[in-house]
There are 2 protein chains.
Amino acid sequence: MAKQERVILVTNDDGITAPGIRALIEAVKPLGKVVVVAPDSPQSGKGHAITIGVPLRLNQVDIFEGIEAWQCSGTPVDCVKLARDKILHGKPDICVSGINHGANHSINVIYSGTMSAAMEAAIEGIPSVGFSFLEYSYDADFSLPKKVAHEVTKRMLASDLPAGTLFNVNIPIVSEKDYKGLKISRQADAKWVEEFDERRDPHGKKYYWLTGEFKNRDNGQDTDVWALENNYASLVPVQFDLTNYSLKKKLEEDWKDL
Amino acid sequence: MAKQERVILVTNDDGITAPGIRALIEAVKPLGKVVVVAPDSPQSGKGHAITIGVPLRLNQVDIFEGIEAWQCSGTPVDCVKLARDKILHGKPDICVSGINHGANHSINVIYSGTMSAAMEAAIEGIPSVGFSFLEYSYDADFSLPKKVAHEVTKRMLASDLPAGTLFNVNIPIVSEKDYKGLKISRQADAKWVEEFDERRDPHGKKYYWLTGEFKNRDNGQDTDVWALENNYASLVPVQFDLTNYSLKKKLEEDWKDL
């Protein structure tokens, strides 16, 4: 009996026309039946936003040869929810998100639409992974990220991973010759130091643009930031139980009377 | 020498005109100098979204007697970032978010704008807490939630909490007589089972409304959902290091060769 083909849900946050999602489709196409459900416009920085105040649109598009693809008017998380309920009518074998144009290491996991889409699938019990390439440019050479995405997805499909498994994979800007491989990492303690650029509109009223500088305050050599700086791709296993258990224990003693 | 007054940043995700934020202001006003920076429109379900594609507006409003208040065109997370950079020009002593109209227990912490605002402050090292009342109605009686918010904020200001401390507090719908107190809890393993309501617009084209049913799949008596069902308010200490350390350890052995 022929083995049933795996179903691979592909999504992203840069929008369905971004080169990164095309690279990801090419990377995982040899591994199963690919179905694409992705936002119809860029959704970077949308975090785990869902659309509740307005209805959503979903339209099939023919832009990837031989691949079923849908564009959605909502956020990356909306795409995953709609894919499951209205397109796949069930769970795919894996959900892959990206390849994001730009880093999603360290604290960026929290702001990233790419990772939130993957997390939404993981909450559903679908093994999931987000891929991000440190190069922002739309003309970037995706050869190495494609290779990494293929290898990680293949390994995930072949592994018996716990329900809710979610990986955050980032790929450095490095030649294939200098690339050192994949490093299992922890999320670096880093953050954005923001300043808003204050301007005035033609009517004299102030408005603000978000700008920021990334600051790593973590010296560990086991972090994703360290791995990327040392020519590794980083893989951080991510959880969505956000309970701080050590603080919980402390509070159970100190805050007894409240 | 007089003790310097504490600065309390108040925000929410239901918007600056929601009754819940007024209740929160009243609850914490006796504890320090309150500054309000909140969205100018409802931002429920916005998760940790930030605004990067359009500039932001920030306008001072006079709707809370004797309280400095600003409304912002962005998300809850934008409000916290702008408050720090452009209004407070530094960190407040605490950030309180809410009181949300509706529950943010269990997995909702990930979708909640209320909690994301508080998390953004926590990432900055500001002790932070989100308050949510299980009653959705705008006519809700906020007496008990106000009391809980006052007590928790007071205790937080008096405690020497680790940097990055973040609490998710939910308040049940219960008479003060039957209220049993605050229970330190963990995030319940629960999720939304979604179905999209499919409709057709006047032009015959399909559109979808997100609807969902909440399912708790966690039988633990130490969860936030259990606490709330048993007339306690729940307090979950929340972390933003999302590394799954136990899975990391396993992968370091099993995925050595990748």
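You'll find the structure just up there.
Report follows, based on the coordinates. Everything numeric here is computed off the predicted structure, so don't read it as measured data. (Residues numbered from 1 in each chain as written. Chains lettered and ligands numbered in written order. Predicted model: local features only at pLDDT ≥ 70, side-chain atom pairs only at ≥ 80, totals over all residues. Heavy atoms only, no water.)

1. Overview of the nonpolar core
Here comes step 1: Formed by 70 residues in total, the largest nonpolar core has its most connected members in Val37 of chain A together with Val37 of chain B.
Here comes step 2: Once you skip the residues sitting within four places of it in the chain, Val37 of chain B turns out to touch Leu9, Val10, Thr11, Leu58, Trp70, Cys79, Ala83 and Ile87 of chain B. (Core = buried A, V, L, I, M, F, W, Y, C linked by side-chain atoms within 4.5 Å. Buried < 20%, exposed > 50% of the residue type's maximum accessible area, 1.4 Å probe, protein only. Contact = heavy atoms within 4.5 Å.)

2. A look at empty space enclosed by the protein
Here comes step 1: By the definition in use, this model includes two cavities of 30 Å³ or more.
Here comes step 2: By volume, the largest cavity amounts to about 170 Å³.
Here comes step 3: Around the largest cavity, the lining comprises 14 residues; the ones closest to its centre are His48, Ile110 and Leu242 of chain A together with His48 and Ile110 of chain B.
Here comes step 4: Grouping the amino acids of the lining of the largest cavity by side-chain chemistry returns 10 nonpolar, four polar and no charged.
Here comes step 5: Approximately 30 Å³ is the volume found for the second largest cavity.
Here comes step 6: Lining the second largest cavity we find Ser106, Val109, Asn168, Gln187, Asp224, Val236 and Val238 of chain A.
Here comes step 7: A class-by-class count of the residues in the lining of the second largest cavity yields three nonpolar, three polar and one charged. (1 Å grid on protein atoms, 1.4 Å probe; cavity = no way out; pocket = protein on both sides within 12 Å on 5 of 7 lines; lining within 4 Å. Points joined across faces, edges and corners; volume = space filled by probe spheres on them. Nonpolar A, V, L, I, M, F, W, Y, C, P; charged D, E, K, R; others polar.)

3. Some points on the interface of chain B and chain A
Here comes step 1: In this complex, chain B contributes 79 residues to the contact, which on the side of chain A involves 79 residues.
Here comes step 2: Summing both partners gives a buried area of about 7,200 Å² for chain B against chain A, and 63% of it is carried by carbon and sulfur.
Here comes step 3: At the boundary of chain B and chain A, one finds seven salt bridges.
Here comes step 4: Viewed at the interface, chain A and chain B are joined by 34 residue pairs in polar contact (both at pLDDT 80 or more). (Buried area = accessible area lost by both parts, 1.4 Å probe. Salt bridge = Lys/Arg side-chain N within 4 Å of Asp/Glu carboxyl O. Polar contact = N/O pair within 3.5 Å; in protein donor to acceptor, adjacent residues only side chain to side chain.)

4. A look at the sheet that holds strand E11 (residues 233–237) of chain A
Residue and element names in this part refer to chain A.
Here comes step 1: Read from one edge of the open sheet, nine strands run E3-E4-E2-E1-E5-E6-E7-E11-E8, paired in mixed fashion. Since the sheet does not close on itself, it has two edges, and those belong to strand E3 (58–61) and strand E8 (182–184), each with one partner. Adjacent strand axes in the sheet meet at a mean angle of 20 degrees when their direction is disregarded.
Here comes step 2: When strand E6 (residues 128–133) meets strand E7 (residues 166–171), the two strands line up parallel, connected through six bridges. Looking at E7, one finds that Phe133 is bridged to Ile171.
Here comes step 3: On the sheet, helix H2 (residues 76–87) packs against strand E1 (7–11), strand E2 (33–39), E3 and strand E4 (68–72) and is oriented at approximately 135 degrees with respect to E2. (Pairing = 2+ DSSP bridges. Helix = DSSP H or I, 4+ residues; strand = E, 2+ residues; numbered from the N terminus. Axes fitted to C-alpha atoms, helices over the stretch in contact; angles between N-to-C directions.)

5. Things to note about the packing of helix H2 (residues 76–87) of chain B against helix H4 (residues 113–123) of chain B
Residue and element names in this part refer to chain B.
Here comes step 1: At a minimum axis distance of 8 Å, the contact between H2 and H4 shows a crossing angle of 30 degrees. Put simply, H2 runs roughly parallel to H4. In the packing of H2 onto H4, the handedness of the crossing is right-handed. For the pair H2 and H4, contact is made by Pro76, Val77, Val80 and Lys81 and by Gly113, Ser116, Ala117, Glu120 and Ala121, respectively. (Parallel < 35°, antiparallel > 145°, perpendicular 65-115°, else oblique. Left-handed = near helix turned anticlockwise from the far one by under 90°.)

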